[in-house]
Amino acid sequence: MLKIISCIAVQHSHSHLLFASCICILGSLLTMRLFGRVRRTHGLQRSNWIFLTGFVGGAMIWTTHFIAMLGYQTPVINGYDPTLTLASLLLSIAVTVIGFTIAGLSPRGALIEAGGAIVGLGIVVMHYTGIAAYRATGELQWDHSYVLASVIFGAFFGGLATNRVSRPITRFCKHSGALALVLAIVLTHFTGMAGLTISPDPAMEIQREIISANIMTGIICVVMLIILLLGASTYIIDMQSNQAAVERYRHLSLHDPLTNLPNRTAFNEHLTGLIERANEIKSQIAVLSFDLDRFKEINDVHGHSAGDAVLRIVAERLGTIMQKGEFVARIGGDEFVAVLFDYFVRADVRAMAQRVLDELSKPIAWNDQVLFIGSSVGISTFPRNATNIDDLLSQADVAMYRAKTTATNTICFYDPSMDQAARERNALAIEMREGIEKGEFELFYQQQNDTVTRRIVGFEVLLRWHHPVRGMIPPSEFIPIAEKTGFILELGEWVLRAACAEAATWKQPLRIAVNVAPQQLADNRLPQVVHQILLETGLSASRLELEITESSIIANHQHALHVIRQLKKLGVKVAMDDYGTGYSSLSTLQSFPFDKIKIDRAFVDGVVSSKQSAAIVRSTLILAASLDIPVLAEGVEREEHMDFLRREGCLQVQGFLFGKPMPRSGIENFVNAPNVAVATTDEQASPPTPEEPGNAAAA
């Protein structure tokens, strides 16, 4: 070790070492960033990144070596053989490209580190080829123990470099990968040089064809400057393109495709930020909820194209009347919400609501016809009425429905006396627990079909509640109550156990998809519960698919990733549900090992009539294909939807076109039919549908 330190401190020019260090550090950072691009791309694009990574990395290794060699101080006359010098550059690039190719094309396994070790051995090959090009009036003598140590250092730290980038543990691993590459280069060079001794021999002569140190310095600087600029500019251009694509995709996911107004997710983000600011500066917020009167009649009489035109015109008008501190979003169908931030008196809120009503009462021209709509506005305030988003929205809805009971174009502020609905929800929460004990809950199944063959590939499990007094209660009413009270954990476990028990009795080994609520995903016991249910019911893990929304991941990213990885170890499939409606991002798809993406029905419904919906679905399919993740589209109700999805490469679909959700008795003849070709759990084959599409949709 002392000999290596002495070699660095005494036998090398400090100015040359400083220059070589800068090249080595900057080049290593750039090389490992480029290698990171290799791991995130596919096909021809990956090949391009591999070549650029190897070219920049190999040239950087060669440049670092020769700059350090130019600073190597000996008492003899020296120079460089041009042929071997060029050969060392070509070898450095070639071996580095090969190493990064092996590491980049290996999704997992020891080949990742093996490829890095080859990069490190490429450093060794380049180093000793470069030394072979070194000509001096003296005899070169080697200590082979140092030579062996340099080989070990190069291979070890080369493998460590690709390991840190390919198997990150923290966000700093990309920097530790560059550090490992720096150590591979530095330790290989200086350990090898420490084992070199030059014995002067005045009788020896230098060939005339050698390259002098000054010329060599100029060549190296020009070559490396060009290569670094080329690599850096390519990386920056690609990074900017990716950023632009991410921003565009985020805009599409946060805006309603039909009206281009912010959607529910964007509204929740905006209101969350306003509440945080309001708590800091002690200001007030008003939430206005309203929908369109007579909108259903317009759709029924004039068709959906008229309804879409009305929504677009309404959105445009609402956008033009919004003032400072105001925000409007479409959260579904003909439902809109608006926010007023930092108002002083109720009259300010009423004035905004009146502006909304005035715009909505104006006639709308469509296809030489005049259409009329109206509305009523319900208002809830922060912090007077509520302190969180859910309560603000629910109270504004209650106030809106109260306003509708009086007259059109009415404004109503929320009052606690209106909250009969809350009392009913509390009653339902109590009755739900009794409902499980009394057997009032029943599983329904909706088929999932292959896009090309139309054969069934599985079923999504849905829950229905047969209330003894209220009749059939839809999940949209009791699931939010169960989530709010915490009963969703018990209810979700019951659904999972009942679904697995029923599916295990089927003769046809079809896959079942079960929804997992955010509270279930946050429960540390979920993998253990799933494992126990699989053991109890005897259902194969490969036949169970758990559907998770991205909103349930956002709360605790690391915990969710840990739970999903445990579920995957059991052999269970994990799907991202309602993709496109939440915080869907590229980083989530890269971080989480999803087996499937389910596109939300809101986008599928508009693929024929809305360019934005079509763009979102098409972008999702392209992204999923590049990540080798299958896609299932929900809400397929028309053949036009099928034509679009089939053309764009979507593999699976689900919707009323093939059948409404049915109880066990509705699918009994199919799942237990003998000698029926069914899709296996790897989804390579699919069975025929039990009924024709037209009959299924009408069922």
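Now for the overall build of the protein chain. When its secondary structure is counted, the protein chain shows 26 helices and 21 strands. Per-residue burial for the protein chain yields a buried fraction of 51% across its 699 residues. In the protein chain, once contacts between residues fewer than 6 apart in sequence are set aside, the share between residues at least 24 apart is 74%.

Turning our attention to the pattern of salt bridges. In the structure shown here, the tally under the stated rule is 23 salt bridges. Across the pair Asp293 and Lys404 runs a salt bridge, and its minimum N-O distance is 2.6 Å. Of this pair, Asp293 sits in the loop between β5 (285–291) and α10 (295–302) while Lys404 sits in helix α13 (residues 389–404), placing them 111 residues apart in sequence. When its relative accessible area of 14% is taken as the criterion, Asp293 is described as buried. A salt bridge links Arg525 to Asp523; the shortest N-O distance between them is 3.2 Å. What makes Asp523 buried here is its relative accessible area of 18%. Sharing partners across several salt bridges, the network here consists of Glu460, Glu547, Lys598 and Glu634.

Now for the sheet that holds strand β10 (residues 377–382). Overall, mixed pairing links the 5 strands, which are arranged β6-β7-β5-β10-β11 in an open sheet. Two strands in the sheet have a free side with no partner beyond their single neighbour: β6 (326–332) and β11 (411–413). Neighbour-to-neighbour, the strand axes of the sheet open up by a mean angle of 25°, direction not taken into account. Relative to β11, β10 runs parallel, the two being bridged by 3 bridges. Bridging from a neighbouring strand, Ile379 pairs with Phe413 of β11. Against the sheet, α13 contacts β5, β7 (335–341), β10 and β11, and its axis sits at roughly 150° relative to β10.

This next bit is on the pairing of strand β17 (residues 573–579). Looking down a regular strand, the side chains alternate between one sheet face and the other. The element β17 is extensively covered by neighbouring structure, given that 5 of its 7 residues are classed as buried. As judged from the 3 bridges shared by β17 and strand β18 (residues 596–599), these two strands associate in the parallel manner. Directly across from Tyr579, in β18, lies its bridge partner Ile599.

Time to look at the packing of aromatic side chains. Scanning the entire structure with this criterion turns up 15 aromatic pairs. Between the aromatic rings of Phe459 and Trp506, the centroid separation amounts to 5.8 Å while the plane-to-plane angle is 75°, which identifies the pairing as edge-to-face. You can see Phe459 sitting in strand β13 (residues 456–467) and its partner Trp506 sitting in the loop between α16 (488–504) and β15 (511–515), a full 47 residues away along the chain. What makes Phe459 buried here is its relative accessible area of 2%. Among the residues examined, Trp506 registers a relative accessible area of 5% and is labelled buried. Seen from their ring centres, Phe592 and Phe594 are 5.8 Å apart, and the 25° between their planes marks the pair as stacked. When sorted by exposure, Phe592 lands in the same class as Phe594, which is buried. Taken together, Phe441, Trp465, Phe478 and Trp494 form an aromatic cluster joined through their ring pairs. The ring centre of Phe413 lies 4.2 Å from the NZ or CZ of Arg346, which sits over that ring.

Buried residues dominate β5, accounting for 7 of its 7 residues. Across the two faces of β5 the burial is the same, with Ile285, Val287, Ser289 and Asp291 and Ala286, Leu288 and Phe290 all buried. Pairing of β5 with β7 involves 7 bridges; the strand directions are antiparallel. Note on β7: the bridge partner recorded for Phe290 is Phe336. Pairing analysis gives 6 bridges linking β5 to β10, with the strands arranged antiparallel. Across the sheet, residue Ile285 finds its bridge partner in β10, namely Phe382.

Turning to the nonpolar core, a few remarks are in order. Ranked by size, the top nonpolar core spans 83 residues in total, and within it Ile512 and Leu544 carry the most contacts. Of the residues forming this core, the biggest block, 8 residues, is contributed by α16. Aside from chain neighbours lying at most four places away, what touches Leu544 is Leu496, Cys500, Arg511, Ile512, Val514, Val530, Leu534, Leu539, Val572 and Lys573. Counting 53 residues, the second largest nonpolar core, distinct from the first, contains Cys7, Trp49, Phe157 and Met193.

With that settled, consider the packing of helix α2 (residues 14–39) against helix α6 (residues 144–166). At their nearest, the axes of α2 and α6 sit 10 Å apart, and the two run at 55° to each other. On the basis of the axis angle, α2 is oblique to α6. Viewed along their axes, α2 and α6 form a crossing whose handedness is right-handed. Along its contact with α2, which presents Met32, Phe35, Gly36 and Arg39, the element α6 presents Ala161, Thr162, Val165 and Ser166. Its residues assigned to classes, the contact of α2 with α6 comprises 4 nonpolar, 3 polar and 1 charged.

Below, the discussion takes up the side chain of Ser613. Along the polypeptide, Ser613 turns up in helix α23 (residues 611–626). Take Ser613: its relative accessible area is 2%, and that puts it in the buried class.

Here we come to helix α11 (residues 304–321). Since one α-helical turn is 3.6 residues long, residues separated by three or four positions face the same way. The end-to-end C-alpha distance of α11 is 26 Å, a good match for the 26 Å that 18 residues give at a rise of 1.5 Å each. All buried positions along α11 are accounted for by Ala306, Gly307, Asp308, Ala309, Val310, Leu311, Val314, Ala315, Leu318 and Ile321.

A few words on unusual backbone geometry. That bond from Phe382 to Pro383 is cis: its omega, 0°, falls within 30 degrees of zero. Its location among the elements puts Pro383 in the loop between β10 and α13. In the Ramachandran plot, Arg454 falls in the positive-phi region, its phi being about 70° despite a non-glycine side chain. Within the secondary structure, Arg454 sits in the loop between β12 (441–450) and β13.

Moving on to helix α3 (residues 43–70). End to end, α3 covers 41 Å across 28 residues, agreeing with the expected 40 Å (1.5 Å per residue, within 8%). For α3, the buried fraction is high: 21 of the 28 residues fall into the buried class.

What follows concerns the side chain of Thr259. Tracing the backbone shows Thr259 in the loop between α8 (213–253) and α9 (264–281). Taking the relative accessible area as the measure of exposure, Thr259 reaches 12% and is therefore buried. Among the polar contacts made by the side chain of Thr259, one reaches the side chain of Asp256 at a distance of 2.5 Å. Beyond its immediate stretch of four places on either side in the chain, Thr259 contacts Leu311, Arg312, Ala315 and Arg330.

This part covers the confidence of the model for the protein chain. Predicted confidence across the protein chain gives a mean pLDDT of 84, with 88% of residues reaching 70 or more. Low pLDDT, under 50, characterises residues 680–699; the stretch is placed with 59 contacts to residues that sit more than four places away or in other chains.

For the rest of this paragraph, the subject is the packing of α3 against helix α5 (residues 111–132). Packing of α3 against α5 brings their axes to within 10 Å, and their N-to-C directions diverge by 40°. The angle between α3 and α5 falls in the class oblique. α3 and α5 meet at a crossing whose hand is right-handed. Residues Ile61, Trp62, His65, Phe66 and Met69 of α3 lie in contact with α5, whose contacting residues are Ile123, Met126, His127, Gly130 and Ile131. Of the residues belonging to the contact of α3 with α5, the class tally is 7 nonpolar, 3 polar and no charged.

The rules behind these values
- Residues numbered from 1 in each chain as written.
- Predicted model: local features only at pLDDT ≥ 70, side-chain atom pairs only at ≥ 80, totals over all residues.
- Heavy atoms only, no water.
- Helix = DSSP H or I, 4+ residues; strand = E, 2+ residues; numbered from the N terminus.
- Buried < 20%, exposed > 50% of the residue type's maximum accessible area, 1.4 Å probe, protein only.
- Contact = heavy atoms within 4.5 Å.
- Salt bridge = Lys/Arg side-chain N within 4 Å of Asp/Glu carboxyl O.
- Pairing = 2+ DSSP bridges.
- Axes fitted to C-alpha atoms, helices over the stretch in contact; angles between N-to-C directions.
- Phe/Tyr/Trp six-rings, centres within 6.5 Å; stacked < 30°, edge-to-face > 60°.
- Lys NZ or Arg CZ within 6 Å of the ring centre and 35° of its normal.
- Core = buried A, V, L, I, M, F, W, Y, C linked by side-chain atoms within 4.5 Å.
- Parallel < 35°, antiparallel > 145°, perpendicular 65-115°, else oblique.
- Left-handed = near helix turned anticlockwise from the far one by under 90°.
- Nonpolar A, V, L, I, M, F, W, Y, C, P; charged D, E, K, R; others polar.
- Expected span 1.5 Å × (residues − 1).
- Polar contact = N/O pair within 3.5 Å; in protein donor to acceptor, adjacent residues only side chain to side chain.
- pLDDT = per-residue confidence, 0-100.

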